[in-house]
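# Analysis of the macromolecular model
As a plain string of letters, each chain reads:
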Amino acid sequence: MSEVIGKTWSLCPVCLHKLPAERIVEGDNVYLSKECEKHGKFKTLIWRGADHYKKLLKFEPGRKGAKVRQTASKGGCPWDCGLCPGHKQDTCLAVMEITNRCNLNCRACFASSGGGYIYEPGIKTIKEMYGMLLKGSKPVCVQISGGEPTVREDLPEIVSLGKRMGIDYIELNTNGIRLAEDPEYLRLLKQAGLDALYLSFDGLSPSVYRKISGANLLSSKKRAVENCAEAGIGVVLVPKIIKDINLDQVGRIIAFAKKWIPTVKGVHFQPLSYFGRYPDEPRDDDRVTIPDLLHAIEVQTDGEVKADNFIPTSCPDVHCDARCLSILLEDGKLLSLTSLSQSPGPSCTDIPKTIRESVASLWKLNPPQRGAPRTAPCKCKAGSWMEVVERATENYLTISTMAFQDVWNIDLERLEKCCIHEVTPDLRLIPFCAFNVTSISGESPYRHQVLSKYAK
């Protein structure tokens, strides 16, 4: 027995044709169902726990739309990306890709690095991209990404340029290999104004990295964190979660993060999305949904962090992400400050601005801390509220997750609320999932069409 709980639009996984779709409940699961005249029916799991799915709807805020609009509405979502007048959300984080080269060839890669051409925009183009972002809402938060950005020798110059132009926050999306081997290069990035590292960190055992990246990178990951502690740069650990490879390591990753507070500011889990380069065509059993991840966190931390501690940011669609803010207490335990069951829902009138300000402050190590990981001493009475307040200024950890949409589960109503936007060399802002979505055969409506035009 199926219950239809919503209607939307989606894409055919084969031909990318726009299709009407339904959100349906069967048992305790929520699915997206659609049918293409040429390629048949598709039904994809999007959530485990129908009541939880419905409960999150109370967090849906009113939306003002994006400040920057570069394209007109012609073909309808998702064919007008730029942002078009129909887009409902402002930018909270702009992703700027500066290369598609990489020093790894991972089994799963959202960006599908490589691609048969070399994309590497020059300083003039990058300056224009920064300039366009500065016309939008403030503060401006930028993630420099790739490929692997550290393959560029002029990366410090790129960071410095952004800071001189007025970009408020710059983080580096990296695998950390060069930063583990070359502390001087990391020092130059810090000197240029880099605020934080967005460090891929898939687990705490060599086998995880061999399966995902083809090499044992564990020591490099740890050394990169150590070097960041020495340089005074905050780190967000970013595990790509693949069910049969590292879902069983989420608790260990959080435990590692705790040991490196305050250098490590957060852990941002990304369940595998099937776009770019991925191991196999997805089955429902392969999917790691947000509830699956939150359950694994609660079990593997022995209830120290509970699924109920996670709430949606309400910046994108309420089913796109979840976050928890915790304080590390003197006894080494995390005290979570967020609760789904006790939260009344969004009260802020400008959620994207709040998210930008949070990213620019919570993920930045300020003031810089040098040396080994430490827990700042607290002079307040143990167990007092003032102790919590004092410790919260430095000894905190954000734990979050975002479930990106692929061609099987893409919901265009969700896409219209996307707040993570790719800034392109032709000076557009394209929602992250629209930019990266690929058909079964690897065809993309945006990524390769845009970047290949600027190939060397």
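Predicted, not measured: the structure shown is a model, and the values here were computed from it.

### Notes on the overall build of the chain
Counting its regular elements, the chain contains 15 helices and 16 strands. In the chain, the proportion of contacts linking residues at least 24 apart, taken out of those at least 6 apart, comes to 71%. Accessible surface computed for the chain: about 18200 Å², of which carbon and sulfur atoms make up 51%.

### Some words on the sheet that holds strand 3 (residues 29–36)
Strand order in the open sheet formed by four strands is 1-2-3-4, with antiparallel pairing between adjacent strands. At either margin of the open sheet sits one strand with a lone partner, and together these are strand 1 (2–11) and strand 4 (40–48). Recorded for the sheet is a direction-independent mean angle of 25 degrees between the axes of neighbouring strands. The pairing of strand 1 with strand 2 (residues 18–26) spans nine bridges and is antiparallel. Its bridge partner being in strand 2, Lys7 is matched across the sheet by Glu22.

### Details of the packing of aromatic side chains
According to the stated counting rule, one finds six aromatic pairs in the structure shown. On the numbers, 5.6 Å between centres and 75 degrees between planes, the contact of Trp47 with Tyr53 is edge-to-face. Given the relative accessible area of 2%, Trp47 is considered buried. Measuring from ring centre to ring centre gives 5.5 Å for Tyr274 and Tyr278, while their planes differ by 80 degrees; the resulting arrangement is edge-to-face. Each residue in the set Tyr274, Tyr278 and Trp408 is aromatic and connected to the rest through ring pairs, giving one cluster. The ring of Trp9 has Lys18 lying over it, and the distance from NZ or CZ to the ring centre is 5.4 Å. The residue whose ring lies beneath Lys43 is Tyr31, and the NZ or CZ to ring-centre distance is 4.8 Å.

### Describing the environment of Pro431
Along the chain, the position of Pro431 falls in strand 16 (residues 429–431). With 344 residues separating them along the chain, Pro431 and His87 place their C-alpha atoms 9.3 Å apart.

### Overview of helix 2 (residues 123–133)
Along helix 2, the residues classified as buried are Thr125, Ile126, Met129, Tyr130, Met132 and Leu133. The buried residues of helix 2 occupy one face: seen down the axis, they fall within an arc of 160 degrees. Among the structural elements, strand 5 (93–97), strand 6 (141–145), helix 3 (155–165), strand 7 (169–174), strand 15 (420–423) and strand 16 are those in contact with the buried residues of helix 2.

### Description of the pairing of strand 15
Going residue by residue along strand 15, you find Ile420 and Glu422 tucked away on one face and His421 and Val423 tucked away on the opposite face as well. Two elements, strand 15 and strand 16, share three bridges in a ladder whose sense is antiparallel. Residue pairing in the sheet places His421 in a bridge with Pro431 of strand 16. Hairpin connection from strand 15 to strand 16: five residues lie between these consecutive antiparallel strands, with Leu427 at a positive phi of about 65 degrees.

### Structural notes on the confidence of the model for the chain
Counting all residues, the mean pLDDT for the chain is 90, and 89% of those residues have values of 70 or more. Predicted confidence for residues 368–380 stays below pLDDT 50, and this span has 34 contacts to residues more than four positions away or in other chains.

### What to know about the pairing of strand 2
Hairpin connection between strand 1 and strand 2: a loop of six residues separates the two successive antiparallel strands, and Leu16 in this loop has a positive phi of roughly 65 degrees. With antiparallel pairing between neighbouring strands as the criterion, strand 2 and strand 3 make up a hairpin whose turn holds two residues, including Gly27 at a positive phi of roughly 65 degrees.

### A word on the pattern of salt bridges
A complete count under the given rule lists 22 salt bridges for this structure. Residue Lys54 pairs with Glu3 through a salt bridge whose shortest N-O separation is 3.5 Å. Here Lys54, found in helix 1 (residues 50–55), pairs with Glu3, found in strand 1; they are 51 residues apart in sequence, far enough to count as distant. Look at Glu3 and you get partly exposed, because its relative accessible area is 37%. For Asp317, the salt bridge goes to Lys417, with nearest N and O atoms at 2.9 Å. Of this pair, Asp317 sits in the loop between helix 10 (290–300) and strand 12 (321–328) while Lys417 sits in the loop between helix 13 (412–415) and strand 15, and the two are 100 residues apart along the sequence. Residue classification places Lys417 among the buried positions, given a relative accessible area of 13%. Because the salt bridges share partners, they merge into one network encompassing Glu60, Arg63, Asp317 and Lys417.

### Section: the environment of Gly193
Tracing the sequence through the fold places Gly193 in the loop between helix 5 (183–192) and strand 8 (196–200). For the pair Gly193 and Gly162, spaced 31 residues apart in the sequence, the C-alpha separation amounts to 8.7 Å.

### Structural notes on the nonpolar core
Judged by nonpolar contacts, the single largest core of 131 residues is most densely connected at Tyr130, Ile144, Leu237, Phe269 and Ile297. Per-element accounting of this core gives the leading share, six residues, to helix 7 (residues 218–231). Contacts of Leu237, omitting those with residues within four sequence positions, involve Leu199, Phe201, Val225, Ile253, Phe256, Ala257, Val264, Gly266, Val267 and His268.

### Describing the packing of helix 3 against helix 5
Two elements in contact, helix 3 and helix 5, have axes separated by 8 Å at closest approach and are oriented at 15 degrees. Between helix 3 and helix 5, the crossing angle belongs to the class labelled roughly parallel. The two elements helix 3 and helix 5 meet at a crossing, and its hand is right-handed. Across the interface between the two elements, Leu155, Pro156, Val159, Ser160 and Lys163 of helix 3 pack against Tyr185, Leu188, Leu189 and Ala192 of helix 5.

### Description of the side chain of Ser444
Among the structural elements, Ser444 can be located in the loop between helix 14 (432–436) and helix 15 (447–451). Overall, Ser444 belongs to the buried group, its relative accessible area being 2%. Aside from chain neighbours lying at most four places away, what touches Ser444 is Val437, Thr438 and Gln449.

Conventions adopted
- Residues numbered from 1 in each chain as written.
- Predicted model: local features only at pLDDT ≥ 70, side-chain atom pairs only at ≥ 80, totals over all residues.
- Heavy atoms only, no water.
- Helix = DSSP H or I, 4+ residues; strand = E, 2+ residues; numbered from the N terminus.
- Contact = heavy atoms within 4.5 Å.
- Areas by Shrake-Rupley, 256 points an atom, 1.4 Å probe, with all protein chains shown as cover.
- Pairing = 2+ DSSP bridges.
- Axes fitted to C-alpha atoms, helices over the stretch in contact; angles between N-to-C directions.
- Phe/Tyr/Trp six-rings, centres within 6.5 Å; stacked < 30°, edge-to-face > 60°.
- Buried < 20%, exposed > 50% of the residue type's maximum accessible area, 1.4 Å probe, protein only.
- Lys NZ or Arg CZ within 6 Å of the ring centre and 35° of its normal.
- Arc of directions from axis to C-beta.
- pLDDT = per-residue confidence, 0-100.
- Salt bridge = Lys/Arg side-chain N within 4 Å of Asp/Glu carboxyl O.
- Core = buried A, V, L, I, M, F, W, Y, C linked by side-chain atoms within 4.5 Å.
- Parallel < 35°, antiparallel > 145°, perpendicular 65-115°, else oblique.
- Left-handed = near helix turned anticlockwise from the far one by under 90°.

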